[in-house]
Amino acid sequence: MKLVGPWVSGYTRRVGITLKLLQIPFEHLPYHAYRETERVKAFSPMARVPALQLDDGQVLIDSNAIVDYLDSIVPADQRLTPASGPARVRAMQLVGYASACYDKLARYCDELMLRPEAHRLAHLQAGYREQMESGFHVLEAAHADPWFLGARISQADIMAVVAFQSASVVIPRAFDSESFPRLAALAQQAMQFTAFSSTLPDLGDLQASGLIGEDDGI
Ligand SMILES: N[C@@H](CCC(=O)N[C@@H](CS)C(=O)NCC(=O)O)C(=O)O
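Below: a short report on this structure.

What counts as what
- Per chain, residue numbering runs from 1 following the sequence as it is written.
- Owing to the predicted nature of the model, reporting of local features is limited to residues with pLDDT of at least 70; listing and counting of side-chain atom pairs is limited to 80 or more, with chain, interface and lining totals taken over all residues.
- To obtain the side-chain values, all non-hydrogen atoms of the structure were used and water was disregarded.
- DSSP calls a pair of strands paired once it identifies at least 2 bridges connecting them.
- Only DSSP runs of H or I with at least four residues qualify as helices, and only runs of E with at least two residues qualify as strands; both kinds are numbered from the N terminus onward.
- Every axis in this analysis is a line fitted to C-alpha atoms, fitted for helices over the stretch in contact. Angles between the N-to-C directions lie between 0 and 180 degrees.
- When checking whether two residues touch, look at their non-hydrogen atoms; a contact exists if any pair is within 4.5 Å.
- The term salt bridge refers to a pairing of a side-chain nitrogen on Lys or Arg with a carboxyl oxygen on Asp or Glu at a separation within 4 Å.
- Remark: exposure states derive from per-residue accessible area (1.4 Å probe, protein chains only) relative to the maximum for the residue type, with buried under 20%, exposed over 50%, and partly exposed in between.
- Site definitions follow a grid-based scheme: protein atoms alone, a 1 Å grid, a 1.4 Å probe that fits but cannot get out for cavities, and for pockets an open set with protein on both sides within 12 Å along at least five of seven lines, plus lining residues having an atom within 4 Å of a point.
- Grid points are joined across faces, edges and corners, and a volume is the space filled by probe spheres set on the points.
- By convention in these notes, a residue is near a molecule or strand provided one of its non-hydrogen atoms lies within 4 Å of it.
- In protein, a polar contact means a hydrogen-donor-capable atom and an acceptor-capable atom, both N or O and within 3.5 Å, with residues adjacent in sequence counting only if both atoms are side-chain atoms; elsewhere, any N or O pair within 3.5 Å suffices.
- Per-residue and other accessible areas follow the Shrake-Rupley method at a 1.4 Å probe size, with only the shown protein chains counted as cover for residues.
- A pocket or cavity is taken to hold a molecule when more than half of that molecule's atoms are within 2 Å of the pocket's grid points.
- Classification used: nonpolar for Ala, Val, Leu, Ile, Met, Phe, Trp, Tyr, Cys and Pro, charged for Asp, Glu, Lys and Arg, polar for all others including Gly.

### Things to note about the sheet that holds strand 1 (residues 2–4)
Point 1. Strands sit in the order 2-1-3-4 across an open sheet of four strands; the sheet is mixed. The open sheet terminates on both sides in strands that have one partner only, identified here as strand 2 (27–29) and strand 4 (59–61). Between one strand axis and the next, the sheet turns by 20° as a mean value, whatever way the strands run.
Point 2. Bridge count between strand 3 (residues 51–53) and strand 4: three bridges; the pairing is antiparallel. The residue bridging Gln 53 from the neighbouring strand is Val 59, located in strand 4.
Point 3. Sheet contacts for helix 1 (residues 10–21): strand 1 and strand 3; angle to strand 1, the most-contacted strand, approximately 155°.
Point 4. The strands touched by helix 3 (residues 63–72) are strand 3 and strand 4; relative to strand 4, the strand with the most contacts, the crossing angle is about 125°.

### As for the pattern of salt bridges
Point 1. Applying the stated criterion to the full structure yields five salt bridges.
Point 2. Note that Glu 36 and Arg 39 form a salt bridge whose closest N and O atoms lie 3.0 Å from each other.
Point 3. You can call Arg 39 partly exposed: its relative accessible area is 46%.

### A look at the layout of surface pockets
Point 1. Quantified by volume, the largest pocket comes out at close to 910 Å³.
Point 2. In this structure, the largest pocket is lined by 36 residues; those nearest its centre are Ser 9, Tyr 11, Val 49, Tyr 102 and Ala 106.
Point 3. When contributions to the lining of the largest pocket are tallied by element, the ones reaching two or more residues are helix 1, helix 3, helix 4 (85–114), helix 6 (155–170) and helix 9 (203–208).
Point 4. The dominant element in the lining of the largest pocket, judged by the number of residues it contributes, is helix 4, at nine residues.

### Some details on the site of the ligand
Point 1. Around the ligand, the neighbouring residues are Ser 9, Tyr 11, Ala 33, Tyr 34, Arg 48, Val 49, Pro 50, Asp 62 and Ser 63.
Point 2. At 2.8 Å, a side-chain N or O of Arg 48 approaches an oxygen atom of the ligand.
Point 3. Here an oxygen atom of the ligand sits 2.7 Å away from a polar atom, N or O, in the side chain of Ser 63.
Point 4. Compared with its free state, where it exposes 500 Å², the ligand has 76% of that area covered by protein.
Point 5. Judged by the fraction of its atoms near the pocket grid, the ligand is located in the largest pocket.
Point 6. Taken together, the residues that form the shell around the ligand break down as five nonpolar, two polar and two charged.

Printed below as a string of structure tokens:
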């Protein structure tokens with residue numbers, strides 16, 4: 001399999017972490033959707049990442065579809081989203097909040113990266129930030145012992161950690177361990193797995209993307 005997209009894309013990182021936790025071998029092609037558009041388009045015509053090319057040449061896009069597929073090819077007891085029942089509902093709820101937080105962060109970052117400073121819409125940025133705060137508060141209030149669904153790590157933990165770590169790099173003053181101690185602890189716990197530590201985006205890559213070094217960033 002080939003995974004297209006850089007770790008700076010949280011949705012790509014989500015898929016990379018999933019592949020690594022499930023011990024599925026893959027080749028990583030870290031093409032950036034904005035900077036290496038033609039390379040990405042060779043796999044994903046809409047120039048979106050992540051894209052996962054299967055060994056038979058078929059390509060899946062959208063992290064939700066990809067992680068669902070990956071769950072379908074591993075033994076049932078290794079799935080990272082429960083197949084049914086209340087645990088599945090809980091996972092879906094939490095993944096929903098975590099990916100909505102990441103989605104708002106991505107829009108906030110697009111404002112920073114793509115729109116010249118004089119034309120940025122302050123009310124949009126403030127609104128995205130407020131929505132992220134609400135979403136992260138829902139996740140902060142969710143009980144994780146040691147993981148959101150109990151003994152085993154799940155997609156809820158993966159997406160929450162990816163979103164929180166990204167937000168805490170881009171807007172460190174708003175998303176830190178003081179305001180969100182449980183999410184910070186969850187991220188620290190997840191970093192014990194090489195699946196998380198080996199996919200942490202490079203700071204140089206974040207600087208090149210224009211995501212840090214701004215007023216809000218580190
Ligand atoms: N819902 C999609 C979102 C994917 C997404 O937003 N990818 C971003 C990078 S994190 C991207 O490729 N943006 C460029 C674009 O959509 O044109 C998923 O879960 O995979």
